[in-house]
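# Notes for the structure review
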Amino acid sequence: MKKYLFTLFAGAALILLQARTALSIDDLSGLLVPPPGSGPVSLVARLSGFSEVPALSSPGTGRFTATVSADRTTIRYTLTYSGTESDVFMAHIHFGQIFANGGISIWFCGNPSSPVPPPAGVSVSPCPLSGTLQGTITAADVIGPAGQGISATQFDELVRALLRGLTYVNVHSLKYIPGEIRGQIVVQRFGLLN
């Protein structure tokens, strides 16, 4: 029996070793992305200072939940945050990996008199010190980042990045202008990260 199991595992390892050259990590992650038309997709992120790049110690916390519509044309979201060390002046979705900083794709809120005001043509409400923001994102809300390959209004590219875990929510405060709390957006599976 032991000889049989060893042969079985050795054969499986050989097959996987040969397949390794034919498949990339991107190919494998694509298997986890629900195809268009398969139904709505739930997204989630937990925000903390430890997730900032570089990490920082902050009592602030937050939670982001969203649902991408089945036809991939809208995203309904809720962003809740509290406990930041100073006034929040902007919050966004950025395009970037977990340990990298990236450009802004979506503005949730922004204060015109802040160190980084919303760009011309972006209409958002002022950020509360803490609380909940809710809304619906459409193609008209996507502002880029063009330098990273997502043009304004290019909603399909944003959704593709969201579903592959390549976006994050960042809440910026006056004390921590680059961001006080942050969380990587992931597809919610099996009730995880509730």
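The structure reproduced in this document is the subject of the present report. (Residues numbered from 1 in each chain as written. Predicted model: local features only at pLDDT ≥ 70, side-chain atom pairs only at ≥ 80, totals over all residues. Heavy atoms only, no water.)

### Observations regarding the overall build of the protein
Rules: Elements are defined by DSSP. Helices are runs of H or I of four residues or more, strands are runs of E of two residues or more, and each kind is numbered from the N terminus. Burial status follows relative accessibility: with a 1.4 Å probe on protein chains alone, a residue under 20% of its type maximum counts as buried, one over 50% as exposed, and anything between as partly exposed. By definition in these notes, contact holds between two residues if any of their heavy atoms fall within 4.5 Å. All accessible-area figures derive from a Shrake-Rupley calculation using a 1.4 Å probe, and residue coverage is judged against the displayed protein chains alone.
A tally of regular secondary structure across the protein gives 3 helices and 9 strands. Starting at the N terminus, the α and β elements of the protein follow one another as α-α-β-β-β-β-β-β-α-β-β-β. Looking at the 194 residues of the protein, the share that counts as buried comes to 38%. At a minimum sequence separation of 6, the contacts of the protein that also span at least 24 residues come to 62%. For the protein, the accessible area works out to roughly 10,700 Å², and carbon and sulfur atoms hold 63% of it.

### Points about the state of the cysteines
For clarity, the cut-off: To count as a disulfide, a pair of cysteine sulfur atoms needs to be within 2.5 Å.
Counted under the stated rule, the structure contains 1 disulfide. Disulfide pairing is shown between C109 and C127; the S-S distance is 2.1 Å. Negative torsions about the S-S bond denote left-handed disulfides, and the value of about 100° found for C109 with C127 makes this one right-handed. Of the two residues, C109 is situated in strand β5 (residues 104-110) and C127 in the loop between β5 and β6 (131-137); the sequence distance between them amounts to 18 residues. Owing to a relative accessible area of 0%, C109 belongs among the buried residues under this scheme.

### Quick notes on the nonpolar core
The following threshold applies: Residues grouped as a nonpolar core are buried Ala, Val, Leu, Ile, Met, Phe, Trp, Tyr and Cys residues, joined through side-chain atoms within 4.5 Å.
Among the nonpolar cores identified, the biggest contains 34 residues, and L43, F64, L79, Y81 and F108 are the most heavily contacted of them. For this core, the secondary-structure elements that each account for two or more residues are β1 (41-48), β2 (61-68), β3 (75-82), β4 (88-95), β5, β6, α3 (155-163) and β7 (167-173). Counting residues per element, this core draws most heavily on α3, which supplies 6 residues. In this view, Y81 contacts T61, G62, V88, C109, C127, P128, L129, S130, G131, L133, V171 and I181; residues no more than four positions away in its chain are not counted.

### Describing the packing of aromatic side chains
Short version of the rule: Under the pairing criterion, centres of Phe, Tyr and Trp rings, with the six-membered ring standing for Trp, must be within 6.5 Å; the plane angle then separates stacked pairs below 30 degrees from edge-to-face pairs above 60, leaving the rest tilted. Our definition puts a charge over a ring when NZ of Lys or CZ of Arg is within 6 Å of the ring centre and also within 35 degrees of the ring normal.
Under the counting rule described, the total for this entry stands at 3 aromatic pairs. Ring centres of F64 and Y77 lie 6.5 Å apart, and the angle between their planes is 20°; on these two criteria the pair is classed as stacked. Pair noted here: F64 is in strand β2 and Y77 is in strand β3, with a separation of 13 residues, a long-range link. Side by side, F64 and Y77 carry an identical accessibility label, which is buried. What makes F64 buried here is its relative accessible area of 1%. Through a chain of ring-to-ring contacts, the aromatic side chains of F64, Y77 and F108 assemble into a single cluster. Sitting over the face of the ring of Y168, R182 holds its NZ or CZ atom 3.4 Å from the ring centroid.

### Quick notes on unusual backbone geometry
The amide bond that connects V53 to the next residue, P54, takes the cis arrangement and shows omega of 0°. Among the structural elements, P54 can be located in the loop between β1 and β2. Cis geometry marks the peptide bond from G144 to P145; its omega dihedral reads 10°. Within the fold, P145 resides in the loop between β6 and α3. Positive phi, close to 60°, is recorded for R72, a residue that is not glycine. Assignment of secondary structure puts R72 in the loop between β2 and β3. Overall, the relative accessible area of 11% leaves R72 in the buried class.

### With respect to the pairing of β5
Stated formally: Two strands are counted as paired when DSSP detects at least two bridges linking them.
Counting buried positions along β5 gives 6 out of 7 residues, so the element sits mostly inside the fold. Summarising the sheet, β4 and β5 pair through 5 bridges and their orientation is antiparallel. Bridge pairing in β5 links A91 to C109.

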